[in-house]
Amino acid sequence: MEKQQHQVGKRKSAIARVYLRPRAGETGVIRINNRSMEDYFPRPSSRLIIMQPLELTATVGRFDILVNVCGGGSSGQAGAVKHGISRALLLVDPTYRPVLKKAGHITRDSREVERKKYGLAGARRRYQYSKR
């Protein structure tokens, strides 16, 4: 693979554009919105989520990964980055598909926040009932 691969990942209301390039330096660098992954995602659980597709396919350090992510919160953004990396890895090598498919990384998680309904406190939560 001599050129960079580009894919889009989505989760909740977050959208991540992921660019995979062949490794240029010593180790594969992951840059998210022009910041290091450790700086952008301080929570270790978010970093683990992002690294899952790379660890499954044994490609940790083989690519420089540049990500532009917007929308949503940190959890949704981490899921969007994971989805984008998984899809970009499929462009690099289609033989990764069975491994990523079994782990559920290819399928977009379509769960969205349910809208608030009128007359209720939230989507389903009702106001407290007062008998008197």
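What comes next concerns the included structure. (Residues numbered from 1 in each chain as written. Predicted model: local features only at pLDDT ≥ 70, side-chain atom pairs only at ≥ 80, totals over all residues. Heavy atoms only, no water.)

### What about the nonpolar core?
Then step 1. Grouped together as the largest cluster of nonpolar side chains are 26 residues, with contacts concentrated most on Ile32, Ile50, Ile65, Val67, Ile85 and Leu89.
Then step 2. Sort the elements by how many residues they give to this core and helix H3 (residues 74–92) lands first, with 7 residues.
Then step 3. Those residues in contact with Ile85, other than ones at most four positions away along the chain, are Val18, Ile50, Pro53, Leu54 and Ile65. (Core = buried A, V, L, I, M, F, W, Y, C linked by side-chain atoms within 4.5 Å. Buried < 20%, exposed > 50% of the residue type's maximum accessible area, 1.4 Å probe, protein only. Helix = DSSP H or I, 4+ residues; strand = E, 2+ residues; numbered from the N terminus. Contact = heavy atoms within 4.5 Å.)

### Notes on unusual backbone geometry
Then step 1. Not every positive phi belongs to a glycine, and Asn33 is a case in point at roughly 50 degrees.
Then step 2. You can see Asn33 is positioned in the loop between strand E3 (30–32) and strand E4 (35–36).
Then step 3. The backbone phi angle of Ala58 is positive, close to 55 degrees, even though this residue is not glycine.
Then step 4. The residue Ala58 is located in the loop between helix H2 (44–56) and strand E5 (63–70) in this model.

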